[in-house]
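Observations on the model geometry
Listed below, chain by chain, are the residues.
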Amino acid sequence: MAYELVIGLETHVELNTESKIFCSCGGHSSPIEPNDCVCPACAGMPGMLPVMNKRVVELAATAGLMLNCEINRYTTFDKKNYYYPDLPCAYQITQLNHPICVNGLVKVKTAAGERDIRIKQIHMEEDAGKLVHGGNSSYVDFNRTSVPLIEIVTQPDFRSPEEVVTYLGKLKSMFKSTGISECEEGAMRCDVNISVREEGTEEFGVRTEIKNMASFEAIDRAIRYEAQRHMDALEFGTEELVQETRRFDDVTGKTSAMRNKETEADYRYFPDPNLMPIVIDDEWLEQIKANKPVALDEKAEAYSEMGISDKEIAMLMSEHTVAKLLDDVIALGCNGKDAAAWILTDCAGILRKAGLKLKDLAITADGLSFLIKKVEEGKLNRGAAKKTLIAVIEQGADPVAYCDEQGFLVEVDSSMIESVIDKAIESNPQAVADYKSGKEKALMAIFGACMKELKGSGDPGQIRTMLIEKLKN
Amino acid sequence: MKYYMVKFSDKGTIAVDDTILVKGELSCAGSHILDGYKPLFSAEAVERLIAKGYEIAGKTNVGEFSLDLVGEFSYYNELEDGETLKGAAAELVKSGEVKAALGVDMNGSTRRAAALSGVAFLKPTYGTVSRYGVISCAASGEQLGVYAKDADAVAEIMTVIAGNDKKDGTSLRNESYTYNTNDDVKGAKVCVVKELFDKADDTVKANITSYAQSLKAQGVEVEEISLDFVDIANTAWQILMCAETCNNVSRYDGVKYGHRSENYRNIDELYVNSRTEGFNFLTKAVILYGSDVLSKHRYADCYDKALRIRRQVADKMKELFSKYTAVLTPACSKTEYAQYDIKDAFTKVFEESVFTAIPNLVGTPALVSNGVQLMGNHFDESKLLSIAKTVERKGE
């Protein structure tokens, strides 16, 4: 019998904010010692109250806009009660009844064709801490408590593991390239709901949920294993399927049922009285829309039109800060293709030699566009520009001040260029004669002499034109 | 009885209930579960008083999480046989040892204590005083208020502590509020609620009647009215209060601070034994009741219904305050409470809270003065204080 796989996903994504969702603790995304990033609020001490981080609302709404969701103008928080030592308040603040985004849509393209995946909702919530086990004791680390997350819940619209992995890859690059999430290891976690039904039927089969998976590869394997288990049960009656929560064992490649205790909890949700409902008015929504980074596909297309290579686009997509730098430099009037080369060839090379990564690039858009423009205008030679970049990257120098100190900037006027050209013609009679007799290559010798004399300053194109003009006489 | 949990200054003029944090000082909310807990920060109201030059005398004993009548079931209390029940902060104010005290009004214990001791206590409008640094139980209706000997002293302290605090998401936007006691009360209309009047004993009834007489003598109109929803409003508040308290005290689990049982082999036993030893019978009853009303099968009929009742009562009270300046009621059914068994506490407090629940449920202010209670509309504290002052003056 032919069977159809039906899958729905709940994906948790950590938002890239400077501080936690309900307190001002920062730096949670960098590796630090346990409990370094903790205050009385995120440690659940009595007397502290949650205060909403506005940025979380904006990022969640932005993610919703990218997934074509409606933004709920009235959104509220609920408390979810359960005991676990890594949850300091014994409740998690999340959204049950009025999530921030609903009714979205994502198109997923695989070899089998394109499919619409409907997004049921996106809600905001806080993360829990973690337990560290050692010797006879367990320890709690609250660094991650109250780290902002969004949970993206789809309708059961996936029909294959390929679609699931493609969708997750799309989310990942979308969020990473726009800075909504760093999407580092473990910052995206998935619960997979899966059932199998006879092809052509409408009714859903018995659903099982595989909890908390972080790697795409494991998700793919887990779905394949679970689908086979369901089909064997339906086809051969190997076991009776029950609605339950399961976990995937990465080593054995199998799923197994979780204890009832972990799954049949009544979370006793209720509205959090400490957090007033958030009202997103027209003005705020317009602002969020205006600040929405251009989504991946559109952005890649725009870069491509500028003549930026596919390889360079891939690099830009993986580092949103670099893409942002390029966008800003372009906005300051530089040519996109040239600017991309400056960043991804020149700067990247210097970074590599210094043992740094592309994301470590610390130059302002103003600084970089200054260098690019001066080179274009012929007021700075390329070698000097590169030396300046080295000083910026390795010593944190200011590009404008550095060029000034080093005397790199040359003010060229045409009368000076003219006298240099005259001199070059005078001292290269053989080349001049050759050129005039039709050997165009001979021009290079005279041109080279000019450039040597000018020490690389001056606009080469302009000099060449002036030289040719002179030689006509 | 025990007055102070900790006393740290003889010169201090303000006492602070043990449900309110003072940096570095023991803060246990009357509960064994918070044994030895010293906070890293002070409540906003405490900071504001200190900034204005007031000195804090010490932390006053309260009943465990202020869930009892007036403070009788503090883990740290020392009651003598036959001693009647009083509130520690209210008694300190009455004796003149301190000028005023801060208390958290959550389920009426502060207002009952003020009535028994014959001092004033104002439960202000929800959101006017920051709850930052209050050991929170019922966040949606609890409010930090002021005990003092008279209306003027209440107004003075309230003016210092009220006003927006960014650390409290429920804090209202006004930077400051001012309180006065000299509104003209002539022509004001006050109503007495028959249903609440009838629930009080004869002494309390006589107090209400004589208070009404005094008001009439000052040119205030007094009428009796009927409010048929006082019991349902109280039940709604008890549901919300228990649910929120159950949730807020969940964090006291023996893992991070406070009492941890010595007797456990795994995390479940650590939780169960620490909490079994750390909470008293009344708190356990509130936790069970609160847990029940939030459970899947009861939520719609209990918790959600209570929220709907809250909205309806708010509408009805708004309508009432369009006709009357204030509502005059008892703050409790008696003028003296004898000691009693903690197993009866849940029911007893439930019954007594019928007098105090509406302001907690709908966030309106209430003032206890001369043993009676005046409820007012949102932000009408000064009207209540002015009415109370005219009667205080007559007593002089």
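Every chain is numbered independently, its residues counted from 1 as its sequence is written. Think of it this way: whatever chain is written first is A, whatever ligand is written first is 1, and the rest follow in order. The model is predicted, so local features are restricted to residues of pLDDT at least 70 and side-chain atom pairs to those at 80 or more, both for listing and for counting; the totals for chains, interfaces and linings are taken over all residues.

By the criteria applied, helices consist of DSSP H or I runs no shorter than four residues and strands consist of E runs no shorter than two, each listed in order from the N terminus. If you tally the helices and strands in chain A, you get 16 helices and 16 strands. Taken over C-alpha atoms, the radius of gyration is set against a globule rule of 2.2 Å times the number of residues to the power 0.38. For chain A, whose C-alpha radius of gyration is 30 Å, the value lies well above the compact-globule estimate of 23 Å for 473 residues. Considering only C-alpha atoms, chain A reaches an extent of 95 × 60 × 55 Å along its principal axes. For every residue pair, C-beta atoms are placed from the backbone, and the pair is scored as a contact if these atoms sit within 7 Å. By sequence separation, contacts in chain A at least 24 residues apart represent 69% of the contacts at least 6 residues apart.

Within chain B one finds 13 helices and 11 strands. A globule of 396 residues ought to have a C-alpha radius of gyration of about 21 Å, and chain B, at 20 Å, matches this closely. Residues with at least 20 other C-beta atoms within 10 Å of their own are called buried, those with 12 or fewer are called exposed, and the rest are partly exposed. The C-beta atoms themselves are positioned from the backbone. For chain B, the proportion of its 396 residues judged to be buried stands at 57%. The contacts of chain B with a sequence gap of at least 6 include a subset with a gap of at least 24, amounting to 75%.

Okay, helix α1 (residues 44–51) of chain B next. Of all the positions in α1(B), only B:Glu44, B:Ala45, B:Val46 and B:Leu49 are classed as buried. Following α1(B) by one or two positions, B:Gly53 has its phi on the positive side, about 90°.

A separate point is the pairing of strand β11 (residues 372–376) of chain B. Residue and element names in this part refer to chain B. Burial within β11 is extensive, with five of its five residues counted as buried. As paired elements, strand β9 (residues 326–330) and β11 share five bridges and run antiparallel to each other. Pairing of Thr-329 across the sheet is with Gln-373, part of β11. When DSSP locates at least two bridges between a pair of strands, those strands are taken to pair. Here strand β10 (residues 366–369) hands over to β11 after two residues, with Asn-370 in that stretch at a positive phi of 50°.

Nonpolar cores are identified as sets of buried Ala, Val, Leu, Ile, Met, Phe, Trp, Tyr and Cys residues joined via C-beta atoms within 7 Å. Counting residues in hydrophobic clusters, the biggest one holds 195 residues, and the most contacted among them are A:Ala60, B:Ala101, B:Ala120 and B:Tyr147. Here the element with the most residues in this core is helix α7 (residues 230–248) of chain B; it accounts for 10 residues. Beyond its immediate sequence surroundings of up to four residues, A:Ala60 is in contact with A:Ile100, A:Cys101, A:Ile122, A:Met124 and A:Ile150. In this structure, A:Ala300, A:Trp342, A:Cys347 and A:Leu368 belong to the second largest nonpolar core, which totals 34 residues.

A few words now on the sheet that holds strand β11 (residues 188–198) of chain A. Residues and elements named next belong to chain A. Spatial strand order, β2-β6-β7-β10-β1-β11-β12-β13-β14: nine strands in an open sheet with mixed pairing. At either end of the open sheet lies a strand with only one pairing partner, and these are β2 (70–71) and β14 (254–257). As defined by bridge partners, strand β1 (residues 3–14) adjoins strand β10 (residues 148–154) across five bridges and the pair is classed as antiparallel. Across the sheet, His-12 pairs through a bridge with Glu-151, a residue of β10. An axis is simply a line fitted to the C-alpha atoms; with a helix, the fit covers only the stretch in contact. Between two such axes, the angle follows the N-to-C directions and lies from 0 to 180 degrees. Its contacts with the sheet put helix α2 (residues 161–178) on β1, β6 (101–110), β7 (113–126) and β11, and the angle it makes with β6 is roughly 115°.

The next thing to look at is the domain arrangement of chain A. By a frequent convention, interface size equals the accessible area lost on bringing the separate parts together. Domain delimitation in this document rests on an assignment produced automatically or drawn from a domain database. Segmenting chain A into domains produces domain 1 (3–278), domain 2 (294–406) and domain 3 (414–472). Placing a centre on the C-alpha atoms of domain 1 of chain A and another on those of domain 3 of chain A gives a separation of 68 Å.

The next point concerns the packing of helix α11 (residues 382–395) of chain A against helix α12 (residues 399–406) of chain A. Residues and elements named next belong to chain A. It is the contact of α11 with α12, at a shortest axis distance of 10 Å, that shows an interaxial angle of 130°. Looking at the two axes, α11 sits oblique to α12. In terms of crossing hand, the pair formed by α11 and α12 is right-handed. Contacts between α11 and α12 involve Thr-388, Ala-391 and Val-392 from the first element and Pro-399, Tyr-402 and Cys-403 from the second. Gly falls in the polar group here, along with every residue not listed as nonpolar (Ala, Val, Leu, Ile, Met, Phe, Trp, Tyr, Cys, Pro) or charged (Asp, Glu, Lys, Arg). Grouping the constituent residues of the contact of α11 with α12 by class yields five nonpolar, one polar and no charged. Note that the term roughly parallel is reserved for angles under 35 degrees, roughly antiparallel for angles over 145, roughly perpendicular for angles of 65 to 115, and oblique for everything else. The hand of a helix crossing depends on one turn: near helix anticlockwise from the far one by less than a right angle means left-handed, and clockwise means right-handed.

Attention now goes to the interface of chain A and chain B. Taken together, the contact pairs 25 residues of chain A with 33 residues of chain B. Broken down by class, the residue content of the side of chain A that touches chain B amounts to 18 nonpolar, four polar and three charged.

What follows deals with unusual backbone geometry. Residue and element names in this part refer to chain A. Although it is not a glycine, Asn-68 adopts a positive phi angle of roughly 60°. Here Asn-68 is to be found in the loop between α1 (54–66) and β2. Even without glycine at this site, Ser-146 takes up a positive phi of about 70°. Among the structural elements, Ser-146 can be located in the loop between β9 (137–141) and β10. Taking the number of C-beta atoms within 10 Å as the measure of exposure, Ser-146 has 32 and is therefore buried.

Glancing now at the sheet that holds β11(B). Residues and elements named next belong to chain B. Pairing in this open sheet of 11 strands is mixed, and the strands run β1-β3-β2-β4-β6-β5-β10-β11-β9-β7-β8 from one edge to the other. Strands with a single pairing partner mark the edges of an open sheet, and in this sheet they are β1 (4–7) and β8 (221–225). Strand-to-strand twist in this sheet, taken as the mean axis angle between neighbours without regard to direction, amounts to 25°. Contacting β4 (100–105), β5 (120–123), β6 (143–148) and β10, helix α4 (residues 151–161) runs over the sheet at an angle of about 140° to β6.

Residue and element names in this part refer to chain B. The span expected for a helix works out to 1.5 Å for each residue beyond the first. Given a rise of 1.5 Å per residue, 16 residues ought to cover 22 Å, and the 22 Å separating the end C-alpha atoms of helix α6 (residues 202–217) matches this to within 8%. Where α6 is concerned, the buried positions are Val-204, Ile-208, Tyr-211, Ala-212 and Leu-215. End-on, the buried residues of α6 take up no more than an arc of 100°, which puts them together on one face. Every exposed residue of α6 that faces more than 90 degrees away from the buried side is listed here: Asp-202, Ala-206, Gln-213, Lys-216 and Ala-217. Immediately beyond the C-terminal end of α6, within one or two residues, lies Gly-219, with a positive phi of roughly 85°. Throughout, the arc means that of the directions going from the helix axis to the C-beta atoms.

All names here are of chain B. Direction vectors running N to C along helix α2 (residues 88–95) and helix α3 (residues 109–117) enclose 35°, while the axes themselves pass 8 Å from each other. Crossing hand, α2 versus α3: right-handed. From α2, Ala-89, Ala-90, Glu-91 and Lys-94 reach across to α3, where they touch Ala-113, Ala-114 and Ser-117. Class assignment for the residues of the contact of α2 with α3 results in four nonpolar, one polar and two charged.

Residue and element names in this part refer to chain A. Along the chain, Ala-323 turns up in helix α8 (residues 320–331). Given 25 C-beta atoms within 10 Å, Ala-323 falls into the buried group. Between the alpha carbons of Ala-323 and Asn-381 there is a distance of 26 Å; along the sequence they are 58 residues apart. Dropping the residues within four chain positions of it, Ala-323 is found in contact with Ser-177, Leu-316 and Met-317.

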